Amino acid sequence: MTTSATSGTGPADPAGPTENSLRRALKRARDGVALDVSEAAVLLQARGEHLDALTASAARVRDAGLEAAGRPGVITYSKSVFVPLTRLCRDKCHYCTFVTVPGKLRRAGHGMFMSPDEVLDIARKGAALGCKEALITLGDKPEDRWPEAREWLDAHGYDDTIAYVRAISVRILEETGLLPHLNPGVLSWTDFQRLKPVAPSMGMMLETTATRLWSEPGGPHHGSPDKEPAVRLRVLEDAGRSSVPFTSGLLIGIGETYEERAESLFALRKVSRSYHGIQELIIQNFRAKPDTAMRGMPDAELDELVATVAVARHIMGPSACLQAPPNLVDAEYERLIGAGIDDWGGVSPLTIDHVNPERPWPQIEELAAKSSAVGFELRERLCVYPEFVRRGEPWLDPRLRPHVAALADPATGLALPDAPVVGRPWQEPDEAFTASGRTDLHTAIDTEGRTSDRREDFDEVYGDWAALREAAAPGMAPERIDTDVRAALATAADDPTRLTDDEALALLHADGPALDALCEVADDVRKSAVGDDVTYIVTRNINFTNVCYTGCRFCAFAQRRTDADAYTLSLDQVADRAEQAWEVGAVEVCMQGGIHPDLPGTAYFDIARAVKARVPGMHVHAFSPMEVVNGATRTGMSIREWLGAAREAGLDSVPGTAAEILDDEVRWILTKGKLPAATWIEVIETAHELGLRSSSTMMYGHVDQPRHWLGHLRTLAGIQQRTGGFTEFVTLPFIHTNAPVYLAGIARPGPTVRDNRAVTAMARLLLHPHIPNIQTSWVKLGTEGAAEMLRSGANDLGGTLMEETISRMAGSSYGSYKSVKDLIAVADAAGRPAKPRTTLYGPVPEERQRAARDSDGHLPQLLPVLD
């Protein structure tokens, strides 16, 4: 199809772009100058000698990338089988013949989904032919539209389609040795966590960012909820956040303008640069099919495809991997190679292309000959690209490493052509709790400090810092507040539950005498709500590992497994530390750790059992919502099922950490891969429904603004009104010193004293009367700072901790533990009495109080636990 850059779906301007604009854009491309959207749109219309010049420069860019990658003159393909797991879909794309309806499947003698036996039969035959990839393609969420799909899943014991995709992927790995490449359509962040352990790569075509093609009646994607461009871009970002090697691309010629096509390419480049996770881009040309609404639409011409490939190469750069399906052109392979592709995609010696069944795959020998004719050697790759094979963690799950390693050339990351394709066990790594690394860090952090101010993969694990600075800029802009602070103070003093958002925002910006007045109001509300007692708990923090690849940009605790400060405790060491804490009067252990790629989803149960077996009376307050999701997705359990099993193993309550700011605008700057706000809320509400209470937290003073604090506090109040499960709210001032997002020059150097007072006071007012306990952090604020917060609405000092590593690794200078006398002194400084409490704010048994008094609530020697 031919369209202009400005005329929508109408015919092109016969004149096209001017000669001068073409020459200018071609010169910029040839000289390696970054193109903009308008220049790319011009180049998409290059034809004749201009197209020849464009493809020549694109080929040079491609060749430079191949040289840098160590495979000059190599073009790749994947030897695969195509598995159409289900042809049912909730979408109604107007060009698609892959999707069908239940009645047609029944009449053809097929089930709603392929059975495991049918899938494995194809996979085994493919393995016998030397295939190494199982391309699993299916419609989006068919159970949402078709009762027959829901009935099939229920009858076979699957909660949803994703559960079946996961299960069949494991069987393919174990019984055939093929590597699953998953194309299940639109996925959520949680879906990625569920599927990452069973597939080394996944994919979904962006197709286009032209929203009108989805929103306007008659458009090719109208009536298809999963084809909304914003939704599909979110999927690409979630794949990057989850460190999933991901394939995407464009479908050209479906009615988009040249400018819209260029915008789509730039959107893909933005995602690629932000997360470094797009392993290849497919440029696919539209082919009209009979019996579809778009059967009368002209096919995208070869020149259209060639020009788009060449422009994509210029936009994406030399390191990008570009593919054009060879079965969608009429053997004119040399033109696509000349335009800058370096890959032919999946080619099957066994199965048809079920999406384009009328277009047979070329013979591999033919592809090799055609590639050789223009100077390229055809080499086989795996479904996961060589770069990601060599990167390893966090891009390849430990459970998949043996499967990939068995088929990959360790020197190049390409496929070993003659490697035997046989099933191998898919299982959790052995010896998850072998003590390793710097297990004395909980004490050495105070005496020796950390080895360096940043982990060794600082420039890779967090994504692209330049893209992050651009994303963070809007949130860093100051706000103008016009609301009358005096009137807002009057409302707060009269009835804080009546504060409007405008009034609350004005108070969050209060300073000087207005801030003093605000803190006085909050302190009065505190006194009426919970009295004068300053509560504290004798507890021990146990951080069982700091190995983590999630990529939280505020976290200085996480390390690679090979970093000098990395460590993992054994189960005995965890239990020893809990027992030591009990001996000095503790009533709680708070246990959290990094998302260690080797820890199985059941490891958390083992930790809880180990503590309960050693110290039955100890309250186990453990596992942040991020850890809960990690455990659930690794085991294949639902969040509810996993939390129920954790409770049976000994879990008593859940820390409401990993919240940071419950606004994804901020979260995706603070973290690359942590759970979205909606998932945090889901975990917490599910825990509350199961009777597992939790704390709530907010980390502030980084790239956030008072409007984000307001939204966060309103969200917590809403959850508490629904569930009643929060025990307290904990203010967590951002410690900036060693935080990556600060070292990269993006975040502020933590909150000011004004910020701390305003947040504490407004937490008291906005959470009243739903969350009565407001905790301040001596770890982050010190004795004087904590006492000031006690005068600003707080009533709780948290715990003795005994060991505190996370804030100390970040650069906090206030030590790793406080004795009971230390905490009482903080309360004295605020002019208030101190009182011990349990996790749930109940009275502490006299025996526990006596043990705490005798030891002053801290360990007699803070030394590494001996094996």
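Going by the structure above, here's the rest.
Let me begin by describing the structure that accompanies this report.

About the cut-offs
- For every chain, the first residue of the written sequence is number 1, and numbering continues from 1 along that sequence.
- With pLDDT at 70 or above as the cut-off, local features in this predicted model cover only qualifying residues; side-chain atom pairs require 80 or more to be listed or tallied, and sums for whole chains, interfaces and linings still use all residues.
- Calculated side-chain values reflect all of the structure's heavy atoms, with hydrogen atoms and water omitted.
- In this text, helices come from DSSP runs of H or I with a minimum length of four residues, and strands from runs of E with a minimum of two, each type numbered from the N-terminal end.
- Put simply, the radius of gyration uses C-alpha atoms, and a globule should come to 2.2 Å times the residue count raised to 0.38.
- Each residue gets one of three labels from its accessible area relative to the maximum for its type: buried under 20%, exposed over 50%, partly exposed in between, using a 1.4 Å probe on protein chains only.
- A contact between two residues is defined here by any heavy atoms of the two lying within 4.5 Å.
- Accessible surface area values rest on a Shrake-Rupley calculation with a 1.4 Å probe, where residue burial reflects the displayed protein chains alone.
- Note that His is not counted, nor are the chain ends; the positive residues are Lys and Arg, and the negative ones are Asp and Glu.
- Lysine's charge is taken at NZ, arginine's at CZ, aspartate's at CG and glutamate's at CD.
- Throughout this description, the term nonpolar core refers to a set of buried Ala, Val, Leu, Ile, Met, Phe, Trp, Tyr and Cys residues connected via side-chain atoms within 4.5 Å.
- Here a polar contact means two N or O atoms within 3.5 Å. Within protein one must be a hydrogen donor candidate and the other an acceptor candidate, and residues neighboring in sequence count only if both atoms are side-chain atoms.
- Between the N-to-C directions of two axes lies an angle of 0 to 180 degrees, each axis being a line fitted to C-alpha atoms and, for a helix, fitted only over the stretch in contact.
- Working definition: roughly parallel below 35 degrees, roughly antiparallel above 145 degrees, roughly perpendicular at 65 to 115 degrees, and oblique for all remaining angles.
- The hand of a helix crossing depends on one turn: near helix anticlockwise from the far one by less than a right angle means left-handed, and clockwise means right-handed.
- Residue classes follow a fixed rule: Ala, Val, Leu, Ile, Met, Phe, Trp, Tyr, Cys and Pro count as nonpolar, while Asp, Glu, Lys and Arg count as charged, and any other residue, Gly among them, counts as polar.
- Geometry of aromatic contacts follows a simple scheme: Phe, Tyr and Trp rings, the Trp one being its six-membered ring, pair when their centres are within 6.5 Å, and the pair is stacked under 30 degrees between planes, edge-to-face over 60, tilted otherwise.
- Placement of a positive charge over a ring is assigned whenever Lys NZ or Arg CZ falls within 6 Å of the ring centre and within 35 degrees of the normal to the ring plane.

## Observations regarding the overall build of the protein chain
When helices and strands are counted, the protein chain shows 35 helices and 21 strands. For the protein chain, the C-alpha radius of gyration of 29 Å lies close to 29 Å, the compact-globule estimate for 867 residues. Its C-alpha atoms give the protein chain principal-axis dimensions of roughly 85 × 60 × 55 Å. Here the protein chain, with 867 residues, has 62% of them falling under the buried criterion. Within the protein chain, residue pairs in contact and separated by at least 24 positions form 78% of the contacts whose partners lie at least 6 positions apart. A total accessible area of about 31000 Å² is found for the protein chain, and carbon and sulfur atoms account for 50% of it. Side-chain charges in the protein chain split into 92 positive and 120 negative, and the spacing between the mean points of these groups amounts to 1 Å.

## Some thoughts on the nonpolar core
Formed by 127 residues in total, the largest nonpolar core has its most connected members in Met591 and Trp680. Excluding anything up to four places from it in sequence, Trp680 contacts Pro625, Gly656, Thr657, Ala658, Ala659, Leu662, Leu675, Leu716, Ile719 and Phe726. Residues Met114, Ile168, Leu367 and Phe388 belong to the second largest nonpolar core, which totals 123 residues.

## Regarding the side chain of Glu503
One can find Glu503 in helix H21 (residues 501-508). Side-chain polar atoms of Glu503 contact the side chain of Thr491, separated by 3.1 Å. Apart from residues lying up to four places away in sequence, Glu503 is in contact with Thr483, Ala487, Ala488, Thr491 and Arg498.

## Examining the environment of Glu685
Tracing the sequence through the fold places Glu685 in helix H28 (residues 677-689). Taking relative accessible area as the criterion, Glu685 reaches 17% and is therefore assigned buried. Through-space distance from the C-alpha of Glu685 to that of Gly617 is 26 Å; in sequence the pair is 68 residues apart. If we skip the residues at most four places from it in the chain, Glu685 touches Ile719, Arg722 and Thr723.

## Focus: the packing of helix H31 (residues 753-766) against helix H32 (residues 778-790)
Put simply, H31 and H32 touch, their axes get as near as 10 Å, and they point 45 degrees apart. With respect to their mutual orientation, H31 and H32 come out oblique. Of the two elements, H31 crosses H32, and the hand of that crossing is right-handed. In contact with Asn756, Arg757 and Thr760 of H31, H32 contributes Leu781, Glu788 and Met789. Residue composition of the contact of H31 with H32, by class: two nonpolar, two polar and two charged.

## Describing the packing of aromatic side chains
Summed over the entire model, instances satisfying the criterion amount to 15 aromatic pairs. Geometrically, the ring pair formed by Tyr604 and Phe623 is edge-to-face, given 5.1 Å between the ring centres and 70 degrees between the ring planes. Here Tyr604 is found in helix H24 (residues 603-614), whereas its partner Phe623 is found in the loop between strand E15 (619-622) and helix H25 (625-635), with 19 residues between them in sequence. Exposure class is identical for Tyr604 and Phe623. Each is buried. A ring pair is formed by Tyr604 and Trp642, whose centres lie 5.6 Å apart and whose planes are at 80 degrees; its orientation type is edge-to-face. Here Tyr604, found in helix H24, pairs with Trp642, found in helix H26 (residues 639-649); they are 38 residues apart in sequence, far enough to count as distant. Note on Tyr604: relative accessible area 1%, which makes it buried. Each member of the aromatic cluster is reached from another via a ring pair, and the members are Phe544, Tyr604, Phe605, Phe623 and Trp642. The aromatic ring of Trp668 is capped on one face by Arg241, whose charged end is 3.7 Å from the ring centroid. Just above the ring of Trp582 sits the side chain of Arg848; from NZ or CZ to the centre is 3.6 Å.

## What to know about the environment of Ser372
Mapping Ser372 onto the fold places it in helix H14 (residues 364-373). Separated by 299 residues in the primary sequence, Ser372 and Gly73 have C-alpha atoms spaced 9.5 Å apart.

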